[in-house]
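Residues per chain, in single letters:
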Amino acid sequence: MPRAEHPFLSLVVPVFNEESSIDVFLATVAPIIARQECEHEILFVDDGSRDKTLPALRAAKTHNPSIAILSLSRNFGKEAAMTAGLDHARGDVVIPIDVDLQDPPELIAEFIARWRAGADIVYGARMSRASDGIVKRTSARYFYKLFNMMSPLQIPFDAGDYRLMDRRVVDEIKKLHERNRFMKGLMTWPGFRTERVEFERPQRAAGRTSWNYWKLWNFALDGITSFSTLPLRLWLYVGGIISLLSFLYAGFIIIHAFITGGDVPGYPSLMVAIMFFGGIQLFSIGLVGEYVGRIFNETKGRPIYIIDKIE
Ligand code: UDP
Ligand code: MG
């Protein structure tokens, strides 16, 4: 089916204590969207802001009818705010975008052009994160490496949340009912034709980031534990290897004791028993992990497959 020339466009903008960013954001984004000549909505999700974000949004809405405001009852975090936004967006194409202009709105034209040409997802790839500081950059890089090593689902290492998604991708994401929402994973999970557009990540335009390293660490844990059961199952292999080694060591100690009469009485048998049972215990924890991992995946109730097209 050929794509519409002028799709209905939804921008989903999660905001948390961003009173200083709203006006700059709208001043930059509005003309860019106007140039697309698409019907559109700018759906702000106020994630329980405690500053003047909500009044600022309401004020903006009085002279821009395409603004819609969704207010959460408290701060639920960006992942939850984006989920709320995707659930309520009406667009044929939906674009989650940060309010601080670190996701350059100029890319929207290219996103839509790629979508018209058939892409279902077009994500912005951050070529340089010079604006982010060395620690955040390095930890992010290793996080994505580790994630992709551990998870059967591969996520692009340089993508943020900034991307265009076709309506059917959004509809599939809405079927994922799990509570623990690592959106970068969930938005990648449905698959479909995915393309990338590269950009340099600029500095925040106004306000300051609400992330800190503790939050990022927990974010990383959420990501890995909701897409990988490897940490649970790892012990099966660690335990197996230790048990095997303890057998070999037992053989060595016994032969050694026969030949030399043993160094310290009781030591060989004690050592072998400790290692052997240590191994067996880890092995059985790993075995339980295999089952817990499966229960975990069942409880998420993700669809088993998604059909792209039937011809
Ligand atoms: N945000 C949110 N809820 C939160 C934290 C952040 O909705 O609890 C929003 C924030 O207002 C911004 C976006 O998520 O629009 C990205 O946040 P930020 O710029 O602080 O993250 P960074 O760019 O540093 O990763
Ligand atoms: Mg930012």
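Use the structure listed above.
Residues numbered from 1 in each chain as written. Chains lettered and ligands numbered in written order. Predicted model: local features only at pLDDT ≥ 70, side-chain atom pairs only at ≥ 80, totals over all residues. Heavy atoms only, no water.

Caption draft 1: Seen up close, the overall build of the protein. Secondary structure assignment for the protein yields ten helices and seven strands. Its C-alpha atoms give the protein a radius of gyration of 26 Å, more than 25% over the compact-globule value 19 Å for 311 residues. For the C-alpha atoms alone, the extent of the protein along its principal axes is close to 95 × 50 × 35 Å. When burial is assessed residue by residue, the protein has 46% of its 311 residues classed as buried. Put simply, the protein shows about 16,700 Å² of open surface, and 64% of that area lies on carbon and sulfur atoms. Of the side chains in the protein, 36 bear a positive and 35 a negative charge, and the two mean positions are spaced by 3 Å. (Helix = DSSP H or I, 4+ residues; strand = E, 2+ residues; numbered from the N terminus. Rg over C-alpha atoms; globule rule 2.2 N^0.38 Å. Buried < 20%, exposed > 50% of the residue type's maximum accessible area, 1.4 Å probe, protein only. Areas by Shrake-Rupley, 256 points an atom, 1.4 Å probe, with all protein chains shown as cover. Lys, Arg positive; Asp, Glu negative; His and termini not counted. Charge placed at Lys NZ, Arg CZ, Asp CG, Glu CD.)

Caption draft 2: Region of the structure containing the sheet that holds strand 7 (residues 194-200). Taken in spatial order, the seven strands of this open sheet run 3-2-1-4-6-5-7, and their pairing is mixed. The open sheet has two free edges, formed respectively by strand 3 (67-71) and strand 7, since each of these has just one partner strand. Along the sheet, successive strands turn relative to each other by an average axial angle of 20°, direction set aside. Here strand 1 (residues 9-15) runs beside strand 2 (residues 40-46); their pairing, made up of seven bridges, is parallel. Considered in strand 2, the bridge of valine 13 is made with phenylalanine 44. Where helix 1 (residues 22-36) meets the sheet, its contacts fall on strand 1, strand 2 and strand 3, and the angle it forms with strand 2 comes to roughly 160°. Its contacts with the sheet place helix 4 (residues 107-116) against strand 1, strand 4 (93-96), strand 5 (121-128), strand 6 (159-166) and strand 7, and it is angled at close to 45° to strand 6. (Pairing = 2+ DSSP bridges. Axes fitted to C-alpha atoms, helices over the stretch in contact; angles between N-to-C directions. Contact = heavy atoms within 4.5 Å.)

Caption draft 3: Region of interest: the pairing of strand 6. Taking burial as the measure, the eight residues of strand 6 include eight buried ones, the bulk of the element. With two bridges connecting them, strand 4 and strand 6 associate as antiparallel partners. Bridge assignment links valine 93 to a residue of strand 6, and that residue is aspartate 166.

Caption draft 4: Geometry of the coordination of the magnesium ion (ligand 2). Bound to the magnesium ion (ligand 2) on the protein side are Asp100 (OD) and Gln102 (OE1), at distances that span 1.9 to 2.0 Å. Judged by its relative accessible area of 9%, glutamine 102 is buried. (Donors = N, O, S within 2.8 Å, 3.2 Å for Na, K, Ca; no water.)

Caption draft 5: A look at the site of ligand 1. As a structural note, the neighbourhood of ligand 1 is formed by 18 residues, with Pro14, Glu18, Asp47, Asp100 and Gln102 the closest of them. A distance of 3.0 Å is found between an oxygen atom of ligand 1 and a backbone nitrogen or oxygen belonging to phenylalanine 16. In the model, an oxygen atom of ligand 1 is placed 2.8 Å from a nitrogen or oxygen of the glutamine 102 side chain. If ligand 1 stood free it would expose 540 Å²; the protein chains cover 94% of that surface. (Near = heavy atom within 4 Å. Polar contact = N/O pair within 3.5 Å; in protein donor to acceptor, adjacent residues only side chain to side chain.)

Caption draft 6: Main features of the side chain of arginine 181. Tracing the chain through its elements places arginine 181 in the loop between helix 6 (167-173) and helix 7 (183-188). For the buried arginine 181, no salt bridge is present, and the opposite-charge side chain at shortest range is glutamate 178, 5.7 Å distant. At 2.9 Å, the side chain of arginine 181 forms a polar contact with the side chain of threonine 83. Non-local contacts of arginine 181, meaning those with residues more than four positions away in its chain, are made with Glu79, Thr83, Ile173, Leu176 and Leu186. (Salt bridge = Lys/Arg side-chain N within 4 Å of Asp/Glu carboxyl O.)

Caption draft 7: How the structure looks around the pattern of salt bridges. If you walk through the whole model with that rule in mind, you get 22 salt bridges. Here glutamate 290 ties to arginine 233 by a salt bridge, and the two come within 3.2 Å at their closest N and O atoms. With glutamate 290 in helix 10 (residues 267-300) and arginine 233 in helix 9 (residues 230-260), the pair connects residues that are 57 residues apart, well separated along the chain. We classify arginine 233 as partly exposed; its relative accessible area is 22%. Through salt bridges that share partners, Lys78, Asp98, Asp161, Lys184 and Arg201 make up one connected network.

Caption draft 8: Region of interest: the packing of helix 5 (residues 134-150) against helix 8 (residues 213-227). Axis separation between helix 5 and helix 8 bottoms out at 10 Å; the angle between their running directions is 10°. By the angle between their directions, the pair helix 5 and helix 8 is classed as roughly parallel. In this structure, helix 5 uses Val135, Lys136, Phe143, Leu146, Phe147 and Met150 to contact helix 8, whose residues at the interface are Tyr213, Leu216, Ala220, Gly223, Ile224 and Phe227. (Parallel < 35°, antiparallel > 145°, perpendicular 65-115°, else oblique.)

Caption draft 9: Layout of unusual backbone geometry. Positive phi is not limited to glycine here, since glutamate 37 has a value of about 50°. Along the polypeptide, glutamate 37 turns up in the loop between helix 1 and strand 2. Given the relative accessible area of 59%, glutamate 37 is considered exposed. The phi dihedral of phenylalanine 192 falls on the positive side, at around 75°, and the residue is not glycine. Within the secondary structure, phenylalanine 192 is located in the loop between helix 7 and strand 7. Judged by its relative accessible area of 17%, phenylalanine 192 falls in the buried class.

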